[in-house]
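Read off the chains here:
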Amino acid sequence: MGSVSPQCQDLELPHGVSFNFILSLLILVGILVSYLPQHIRIIQLKSSFGLSPYFVLLGTTSGTAAFANILVLPRSARDVACCREISGVSCFAGLLGIFQVGVQCLSFYVILLLFLIYFPRATSLVNPTTSAETENESHGNENVENDEKQPSYSTAVIVSITCLAHAVIVLIVSLVVAIKHPSNLQTWANVLGIMSAVLASIQYFPQIWTTFRLQKVGSLSIPMMCIQTPGSLVWAASLAQRLGAEGWSAWGVYVITALLQGTLLVMGIYFEYLGQKDVIEHPFMADETPAANAEQDQQATENTPLLSEQR
């Protein structure tokens, strides 16, 4: 301990482990595990029907801002520098906060990728197995206005491009501030934290509206929300303990996220188990006769999903 500088002594683990280290490690694993049900559900259903593109957009950009925020915080830079003075386990424990936010950001980018790959193009507002054109022919023009509000595949592409552009811009600005104006890193970190908090604060509203409108959860994962809603509060408490009051911009966002996600969870449970039954045939395919299936295979159009099951 004598060779460790005062600012690094609080990162040095007394006997290689501590309660905060175990808790932070469990949170890291929990973050990864919490997103797996959502990834698996989209892949199994081979459709991202039910996910709002604006929920994906806001969640991804919020995750990017949160990750950039904790990277540019002066406290994070000091923790990284302390790795030259403390043991490997203590270094890993001191950087767990960064790893946690990084895993969360990466997990949402996986959702973005799956959302784009399995986006059900030109589907009806309430049935992912029926094209908008077919439904309009069957029901006249009464659904035209609603179907026009249904996100198109081009919307999914624009959302993906916007998320990547946002990440590049944040990266460039962060590098410029770190190299040219290092004294302003705390200010830039606060800007990123506020950006992340604002995006996270509104990210669940489009999804809440989409779920309410569809009256079903679609490809939205209830197990993911069951894990993340209480997990976000535990994660916020862990980050608050590590970063203190000056790191409010890093942990405050997860308190807001937990409250909004809890609202979406209650709504999802109601529609899934108490409301109209959300029956989804794997992989989002309605009952069809073999002849209809053969005809559909022969007449692939722009309404065909990006990835369809091989039969």
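Keep in mind that this is a model prediction, so the values were computed, not measured.

1. Here we look at the pattern of salt bridges
At step 1: Under the counting rule described, the total for this entry stands at one salt bridge.
At step 2: Residue D79 pairs with R75 through a salt bridge whose shortest N-O separation is 3.3 Å. Of the two residues, D79 and R75 both sit in helix α3 (residues 74-82), four residues apart, roughly one turn of that helix.

2. Here we look at the confidence of the model for the protein chain
At step 1: Averaged over every residue, the pLDDT of the protein chain is 78; the share at 70 or more is 72%.
At step 2: Least confident of the elements in the protein chain is helix α7 (residues 144-148), whose mean pLDDT is 46; most confident is helix α8 (residues 153-180), at 94.
At step 3: Counting interchain partners and residues more than four positions distant, the pLDDT-below-50 stretch residues 131-148 has 23 contacts.
At step 4: Across residues 278-296, where pLDDT falls below 50, the model places 29 contacts with residues more than four positions away in sequence or in other chains.

3. Here's the deal with a nonpolar patch on the surface
At step 1: Where nonpolar side chains cluster on the molecular surface, the patch consists of V29, L32, V33, L36, I40 and I227 and spans about 470 Å² of accessible area.
At step 2: Relative to the assigned elements, L32 resides in helix α1 (residues 19-45).

4. Concerning the UniProt feature "transmembrane region" (unreviewed entry) in the protein chain
At step 1: Mapped onto the present numbering, the UniProt feature "transmembrane region" (unreviewed entry) falls at residues 19-37, 49-72, 92-119, 156-179, 185-205, 217-239 and 251-271.
At step 2: Helix makes up 83% of residues 49-72 and strand 0%. Its end C-alpha atoms lie 36 Å apart.
At step 3: Structurally, residues 217-239 comprises 78% helix and 0% strand, and the distance from its first C-alpha atom to its last is 31 Å.

5. So, the environment of L28
At step 1: Tracing the backbone shows L28 in helix α1.
At step 2: Taking C-alpha positions, L28 is 9.6 Å from G102, a pair spaced 74 residues apart along the chain.
At step 3: If we skip the residues at most four places from it in the chain, L28 touches L96, F99, Q100 and V103.

6. What about the packing of aromatic side chains?
The description of two aromatic rings rests on the distance between their centres and on the angle between their planes.
At step 1: Following the criterion strictly, the structure yields eight aromatic pairs and no others.
At step 2: When the centroid spacing of 6.1 Å and the interplanar angle of 70 degrees are considered together, the rings of Y35 and F108 count as edge-to-face. One end of the pair, Y35, is in helix α1; the other, F108, is in helix α5 (residues 96-117), and 73 residues separate them in sequence.
At step 3: By relative accessible area, which is 5% here, Y35 ends up buried.
At step 4: Ring geometry for F115 versus F119: centroids 5.4 Å apart, planes at 75 degrees, classification edge-to-face.
At step 5: For F115, a relative accessible area of 0% corresponds to the buried category.
At step 6: Members of the aromatic cluster, connected to one another through ring pairs, are Y35, F55, F108 and Y204.

7. Quick word on helix α10 (residues 222-243)
At step 1: With 22 residues, α10 extends 31 Å from end C-alpha to end C-alpha; this agrees with the ideal 32 Å at 1.5 Å per step.
At step 2: G231 marks the point of greatest bend in α10, at about 30 degrees.
At step 3: The N-cap residue of α10 is S221: its side-chain oxygen and the backbone nitrogen of M224 are 3.2 Å apart.

8. Description of the packing of α8 against helix α9 (residues 185-214)
At step 1: As a packed pair, α8 and α9 sit with axes 10 Å apart at the nearest point and diverge in direction by 160 degrees. It follows from the interaxial angle that α8 and α9 lie roughly antiparallel. In this structure, α8 meets α9 at a crossing whose hand is left-handed. Residues H166, V170, V173, S174, V177 and A178 of α8 form the contact with α9, whose own contacting residues are L185, W188, L192 and M195.
At step 2: Its residues assigned to classes, the contact of α8 with α9 shows eight nonpolar, two polar and no charged.

The rules behind these values
Residues numbered from 1 in each chain as written. Predicted model: local features only at pLDDT ≥ 70, side-chain atom pairs only at ≥ 80, totals over all residues. Heavy atoms only, no water. Salt bridge = Lys/Arg side-chain N within 4 Å of Asp/Glu carboxyl O. Helix = DSSP H or I, 4+ residues; strand = E, 2+ residues; numbered from the N terminus. pLDDT = per-residue confidence, 0-100. Contact = heavy atoms within 4.5 Å. Patch = residues over 30% accessible without salt bridge, like charges linked within 9 Å, V, L, I, M, F, W, Y side chains within 5 Å. Areas by Shrake-Rupley, 256 points an atom, 1.4 Å probe, with all protein chains shown as cover. UniProt positions renumbered as here; feature names shortened; annotations may be inferred. Phe/Tyr/Trp six-rings, centres within 6.5 Å; stacked < 30°, edge-to-face > 60°. Buried < 20%, exposed > 50% of the residue type's maximum accessible area, 1.4 Å probe, protein only. Expected span 1.5 Å × (residues − 1). Bend = angle between axes of the 7 residues up to and from the residue. Polar contact = N/O pair within 3.5 Å; in protein donor to acceptor, adjacent residues only side chain to side chain. Axes fitted to C-alpha atoms, helices over the stretch in contact; angles between N-to-C directions. Parallel < 35°, antiparallel > 145°, perpendicular 65-115°, else oblique. Left-handed = near helix turned anticlockwise from the far one by under 90°. Nonpolar A, V, L, I, M, F, W, Y, C, P; charged D, E, K, R; others polar.

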